[in-house]
Number of protein chains: 2
Amino acid sequence: MGFRNVEEAMISSGEESESVKEIALFAGLLSGCIVIGHLLEKTRWLNQSITALLIGLGTGCLILLTSGGTNSRILEFNQEFFFIYLLPPIIFNAGFQVKKKQFFRNFTTITSFGVIGTLISFAIISFGTSRLFPMLDIGYLEIKDYLALGAIFSATDSVCTLQVLHQEETPLLYSLVFGEGVVNDATSVVLFNAITNFDLSDMNLHIGLKFAWNFFTLFILSTFLGVFVGLLCAFIIRTLYFGRHSTDREIALLMLMAYLSYITAEMLNLSGILTVFFCGIVMSHYAWHNVTHRSQVTTKHTFATMSYIAEVFIFLYVGMDSLDVEKWSFINGSPEKSIWVSLILLVLIMVGRAAFILPLSFLSNLSRRETAEKVGIKQQFTVWWAGLMRGAVSVALAYKKFTGSGKTVQPANALLITSTISVVLFSTVVFGLLTKPLIRWLLPQSDESEPSSPTSSRLPLLGNKHEPGNDDPEAETEGGHRTLTTKPSLVMLLNSPTNTVHHYWRKFDDKFMRPVFGGSGSVSNATGTRDMGMIH
Amino acid sequence: MGFRNVEEAMISSGEESESVKEIALFAGLLSGCIVIGHLLEKTRWLNQSITALLIGLGTGCLILLTSGGTNSRILEFNQEFFFIYLLPPIIFNAGFQVKKKQFFRNFTTITSFGVIGTLISFAIISFGTSRLFPMLDIGYLEIKDYLALGAIFSATDSVCTLQVLHQEETPLLYSLVFGEGVVNDATSVVLFNAITNFDLSDMNLHIGLKFAWNFFTLFILSTFLGVFVGLLCAFIIRTLYFGRHSTDREIALLMLMAYLSYITAEMLNLSGILTVFFCGIVMSHYAWHNVTHRSQVTTKHTFATMSYIAEVFIFLYVGMDSLDVEKWSFINGSPEKSIWVSLILLVLIMVGRAAFILPLSFLSNLSRRETAEKVGIKQQFTVWWAGLMRGAVSVALAYKKFTGSGKTVQPANALLITSTISVVLFSTVVFGLLTKPLIRWLLPQSDESEPSSPTSSRLPLLGNKHEPGNDDPEAETEGGHRTLTTKPSLVMLLNSPTNTVHHYWRKFDDKFMRPVFGGSGSVSNATGTRDMGMIH
């Protein structure tokens, strides 16, 4: 939205005090969610997402009662708002906070899960719905709609599982779940956009190939743009030596350029999600090391907080929105249809995930020599479970596809919206509630059941490479890198091909990238002197 | 704006990619401003505001050329947007970062400048314009319009001067300029709202008294609300011991509750500016000390950065908007009228400020015993100069008053808008450019010309009261407080009545407030233990 639009909206809506009231109520609810989420932190079942959903549901009920059953929401969801303001901080933060070492160590497995897995899942859900839905007599759906359904329900939401896993205890599992979640988000949105922007009315090999090519170039160009903006930001801050003058300016520049990468990608019809994710990775690898210590602490936590607020916002809204009378009124006559549709979707989601996790894990295990590094059956189950939840991305995509700018018109579309909400609610609440107990039972005292990866045994070596007093969140990762700079032997190449690739990347990084763009090692002197001035 | 409105706007505007383009361009310009502002930091003349204004003007010219002279802006200014999203972070940050000791030491002088001074300035500008404008034949204006003009042009923008003064070198002067700026912002907005919401068609004593009472209650209630929300936030964080669980949650709660205070005040038709300013003061005095060290650093810089971005945003916009063809077309026939109006306003602004600074400084000096503490003639001149610039608040108020939702309809209104923009441009650019050289010339090596206040001589004593390793930006101030807890003698009472009031406040604070709401002293144990876990 531009301000021009907002302004028009102001004129059209007439009364400004109305919107102030809405914003006030929403800000109050958000604060409430945070406090209650904190109070329930220690419980065995709940987590922040579920709390926000339940508070949303509760508020929806209240509004429904006070408005005499006509309205359940404070604000109406706008998928543009979601994609322009709420999603970017979440995805950027994911890229910014990802433990890059683990991520790139398991890069092959993660991308195979995130890309190939999502495509398999997409194919199964699309095919399944296109076969099963016609039996239910829910109204006519095009082939495009089924494909869109596949994309919508391949978008997982693994936040819930991540809150239970511990990065230190189970690094491999954590990076698999986290990495898959991010790549999956990107893949499903890219897939969804490719589907909606593409004429798929008569499918043939030529169109299929063109579609695949389109998908591929979108992927590459988006990644490239993100890397470019990240490097540009690092270069600017390094060259102009920002920290000398103003901490606030550095922070502002990091934030604005991160957002700029996203919005530029959207403007160019690329995938903003992929762009901002890679921009986050590059920024945390280069730009973040060029700023003052104050800026490092601030950006780290600000990005995390913005992402956190955006997530709570979304779940709060989904909870409130799920009681929207208008949507439910369409399926008043046939509630059993909605239940059947939701059930079919849930089963397809489960089957779709199982269909790629087992074979892909098997393949991934073939390339891992050490038993300790293999993805065991318990880990496979955890990854499978982590991806069962459906969340904000699914809801936003469903709104984008099945509502004419916020209003649900056709009965079939209304049915798909309510079913999406049902699937999201059910999976988040029921599967979500089961997650903590299940994972605790599956991986009791997880540090025993999950064999520590070779990285952690190397950790004691890192002390020397550490800049003193540099309480850098990346220190572990970057320090880990350092140990690899010893000459690679043939044995090492045979034993760990990934590590060897990593070794050459490190060499390239140290020789060409860091001198230009900065990074943990290269600017230690600059950071050191700049850190003298403490927080003022 | 609510999302409902945005959504309607989406429907009405039809094309979403348009707004994405606008946002991308604006984000790019903002980043550009920051980088260029940094490069020009060292120059003798320019500052961030002027840079943003000039970049805005430049971009406006470019758009004007490319659009063939029909449009100069990317976005259209919406005063709602300004008051709901841009102003709160600026004012909150002002309250949050203010050196409370200095602020409350000079509280009487600051409030007399900020409230009484603004009222005098308002009266002179209103009276002057109501006498002089009818001579220019610019069209009919009501008495309410003249009063509104008075309020619009009493709102100063002292950012420029503050960038030149140094808090350490000239603490008294800095706190006067800063304090006056903030209280002035609040007063003029409260005054403006009181004027526009009040029927002043036939003025008499009864209505005058009612108006004064209205103004007074608005002031008190707004302040009270801000203090209440700040204390509530401190109480929640202290009681629930947030830091134990999540840094992000603390930061999110601080941000949301700060914003909540503003938006609640707006909802209740109070002055959000006053509320959020006092909320900022209370939060930095209590709540800020209850959170982890990480959260302290992050909130401090995040608030500053948000305020910074909002300021640059505003100046960038004002620069772009000042080339709006539509507005200038109204005064095409009589450009000399616009020049005269602007000139009259500039002269009245100068006279209005002089009219209160001289007498109020004289009164203030009467109560100050030590010559070192007195406000000298050079200081008075600096305070006078600091308030000559007009900025975003003036523009926003002028838009609110003289445009029917963004469109300038009447010729007289269009003239006043263009004159406001001219005054803002002229004062910011010309006075702004002169500020640095002028103050350097007036206060050469400022630490000599401005006698250091008694506080600074006490500073060496503070070491003992300091928590080790607590590199707290408030340490100086809070430490300064501590030294006052020695018993006050009669001499002390006679010599420095303000300090004595301060002493009793400190006693009250220590005995009743800190045990409940936390603060720098009371939570040293909690902060100490919590700081053990470094940034992760």
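None of these values were measured; they are calculated from a predicted model.

Chemist: What should I look at first to understand the overall build of chain A in this one?
Modeler: A tally of helices and strands in chain A yields 24 helices and zero strands. About 21,000 Å² of surface is accessible on chain A, with carbon and sulfur atoms providing 67% of the total.

Chemist: Any chance you could explain the packing of aromatic side chains here in plain terms?
Modeler: To describe a pair of aromatic rings, one takes the distance between the centres and the angle between the planes. All names here are of chain A. Applying the stated rule across the entire model yields 39 aromatic pairs over all chains. Pairing Tyr286 with Phe517 gives two aromatic rings, centres 6.0 Å apart and planes at 55°, and the pair type is tilted. Taken as a pair, Tyr286 in helix α12 (residues 272–290) and Phe517 in helix α23 (residues 497–517) lie far apart in primary sequence, 231 residues in all. Of the two residues, Tyr286 and Phe517, neither departs from the other in class, the shared state being buried. Every member of this aromatic cluster is reached through a ring pair, and the members are Phe381, Trp384, Trp385, Phe426 and Phe431. Looking at Lys400, its charged tip hangs above the ring of Phe83, at a distance of 4.8 Å from the centre.

Chemist: Sorry if this is basic, but what is going on with the packing of helix α9 (residues 171–196) of chain B against helix α16 (residues 377–386) of chain B here?
Modeler: The description of two helices packed together rests on the angle between their axes and the distance between the axes. All names here are of chain B. Between α9 and α16, the least distance of the axes is 10 Å, while the angle of their chain directions is 30°. Here α9 lies roughly parallel to α16, going by the angle between them. Relative to α16, α9 is oriented so that their crossing is right-handed. Each of Leu173, Leu176, Val177 and Glu180 in α9 lies in contact with α16, whose residues at this interface are Gln379, Thr382, Val383 and Ala386. A breakdown of the residues in the contact of α9 with α16 according to their chemical character gives five nonpolar, two polar and one charged.

Chemist: Can you help me understand unusual backbone geometry in this one?
Modeler: Backbone geometry follows two general trends: most residues other than glycine have a negative phi, and most peptide bonds adopt the trans configuration. Non-glycine residue Asn269 of chain A carries a positive phi angle of around 60°. Its place among the elements puts Asn269 of chain A in the loop between α11 (247–267) and α12.

Chemist: In this structure, what is going on with the environment of Ala258 of chain A? I would like to understand it.
Modeler: Residues and elements named next belong to chain A. Relative to the elements of secondary structure, Ala258 occurs in helix α11. When the C-alpha atoms of Ala258 and Cys233 are compared, they prove to be 8.7 Å apart, with 25 residues separating the residues in sequence. Sequence-distant contacts of Ala258, that is, excluding residues within four places in its chain, are made with Phe92, Val276, Cys279 and Met283.

Chemist: Please explain a nonpolar patch on the surface as it appears in this structure.
Modeler: Taken together, the side chains of Trp213, Phe216 and Ile220 of chain A present a nonpolar region at the surface, about 360 Å² in accessible area. Within the element layout of this structure, Phe216 of chain A appears in helix α10 (residues 205–240).

Chemist: Just checking my understanding: could you explain the side chain of Ser427 of chain B for this structure?
Modeler: Residues and elements named next belong to chain B. Along the chain, Ser427 falls in helix α18 (residues 411–442). Classification of Ser427 as buried rests on a relative accessible area of 0%. Sequence-distant contacts of Ser427, defined by excluding residues within four places in its chain, comprise Leu388, Met389, Arg390 and Gly432.

Chemist: I'm lost on the side chain of Asp185 of chain B in this one. Help?
Modeler: Here Asp185 of chain B shows up in helix α9. For Asp185 of chain B, the contacting residues outside a window of four places in its chain are Ile91, Thr156, Ile273 and Val393 of chain B.

Chemist: Teacher, can you tell me more about helix α12 (residues 272–290) of chain B here?
Modeler: One turn of an α-helix holds 3.6 residues; hence residues three or four places apart share an orientation. Residues and elements named next belong to chain B. Between its first and last C-alpha atoms α12 spans 25 Å; for 19 residues at 1.5 Å apiece the expected length is 27 Å, and the two agree. Considering bend angle alone, the principal kink of α12 is centred on Met283 and spans about 50°. The element α12 is extensively covered by neighbouring structure, given that 19 of its 19 residues are classed as buried.

Chemist: Help me out: how do you make sense of the nonpolar core in this one?
Modeler: Generally speaking, nonpolar side chains in soluble globular proteins are found buried as a group. Counting residues in each nonpolar core, the largest one holds 290 residues, and the members touching the most others are Phe82, Phe133 and Met283 of chain A together with Phe82, Phe133 and Met283 of chain B. Counting eight residues, the second-largest nonpolar core is a separate cluster that includes Ile23 and Ala24 of chain A together with Ile84 and Tyr259 of chain B.

Chemist: Could you clarify how one ought to interpret the pattern of salt bridges in this entry?
Modeler: Should their charged atoms come close, side chains of opposite charge can pair. Residue and element names in this part refer to chain A. Under the definition given, this model contains ten salt bridges over all chains. For Glu180, the salt bridge is made with Arg353, and the minimal N-O distance between the two is 2.9 Å. Residue Glu180 is located in helix α9 (residues 171–196), and its partner Arg353 is located in helix α15 (residues 335–366); the two are separated by 173 residues in the primary sequence. Take Glu180 and Arg353: they sit in the same class, and that class is buried. Counted as one network, the salt bridges with shared partners bring together Arg506, Asp509, Asp510 and Arg514.

Chemist: Would you mind going over the state of the cysteines with me for this structure?
Modeler: Covalent bonding between the sulfur atoms of two cysteines defines a disulfide. A full pass over the atoms with the stated rule returns zero disulfides over all chains. Free cysteine Cys279 of chain A: the closest other cysteine sulfur is in Cys233 of chain A, separated by 7.1 Å. For the unlinked cysteine Cys61 of chain B, the closest cysteine sulfur is that of Cys33 of chain B, found at 14 Å. Overall, the relative accessible area of 39% leaves Cys61 of chain B in the partly exposed class.

Chemist: I keep staring at the confidence of the model for chain A and nothing clicks. Help me out?
Modeler: A low pLDDT score tells you not to read the predicted coordinates there in detail. All names here are of chain A. Chain-level pLDDT for chain A is 76 on average; 76% of the residues reach the 70-or-more range. Within chain A, α11 carries the highest mean pLDDT (91), whereas helix α20 (residues 454–458) carries the lowest (31). A low-confidence stretch, residues 1–15 stays under pLDDT 50, and its non-local contacts, those more than four residues away or across chains, total 39 contacts. In the predicted structure, residues 446–488 sits below a pLDDT of 50 and forms 85 contacts with residues beyond four places in sequence or in another chain. We note a pTM of 0.79 for the whole complex and an ipTM of 0.77 for its interfaces.

Chemist: Is there a simple way to think about the packing of helix α3 (residues 48–66) of chain B against α18 of chain B in this case?
Modeler: Residues and elements named next belong to chain B. Two numbers describe how α3 lies on α18: the axes approach to 10 Å, and their chain directions differ by 130°. When the interaxial angle is binned, α3 and α18 end up oblique. By crossing handedness, the relation of α3 to α18 is classed as left-handed. Contacts between α3 and α18 involve Ser49, Ile50, Leu53 and Leu57 from the first element and Leu425, Thr428, Val429, Gly432 and Leu433 from the second. Of the residues contributing to the contact of α3 with α18, the split by class is six nonpolar, three polar and no charged.

Parameters at a glance
- Residues numbered from 1 in each chain as written.
- Chains lettered and ligands numbered in written order.
- Predicted model: local features only at pLDDT ≥ 70, side-chain atom pairs only at ≥ 80, totals over all residues.
- Heavy atoms only, no water.
- Helix = DSSP H or I, 4+ residues; strand = E, 2+ residues; numbered from the N terminus.
- Areas by Shrake-Rupley, 256 points an atom, 1.4 Å probe, with all protein chains shown as cover.
- Phe/Tyr/Trp six-rings, centres within 6.5 Å; stacked < 30°, edge-to-face > 60°.
- Buried < 20%, exposed > 50% of the residue type's maximum accessible area, 1.4 Å probe, protein only.
- Lys NZ or Arg CZ within 6 Å of the ring centre and 35° of its normal.
- Axes fitted to C-alpha atoms, helices over the stretch in contact; angles between N-to-C directions.
- Parallel < 35°, antiparallel > 145°, perpendicular 65-115°, else oblique.
- Left-handed = near helix turned anticlockwise from the far one by under 90°.
- Contact = heavy atoms within 4.5 Å.
- Nonpolar A, V, L, I, M, F, W, Y, C, P; charged D, E, K, R; others polar.
- Patch = residues over 30% accessible without salt bridge, like charges linked within 9 Å, V, L, I, M, F, W, Y side chains within 5 Å.
- Salt bridge = Lys/Arg side-chain N within 4 Å of Asp/Glu carboxyl O.
- Expected span 1.5 Å × (residues − 1).
- Bend = angle between axes of the 7 residues up to and from the residue.
- Core = buried A, V, L, I, M, F, W, Y, C linked by side-chain atoms within 4.5 Å.
- Disulfide = S-S within 2.5 Å.
- pLDDT = per-residue confidence, 0-100.

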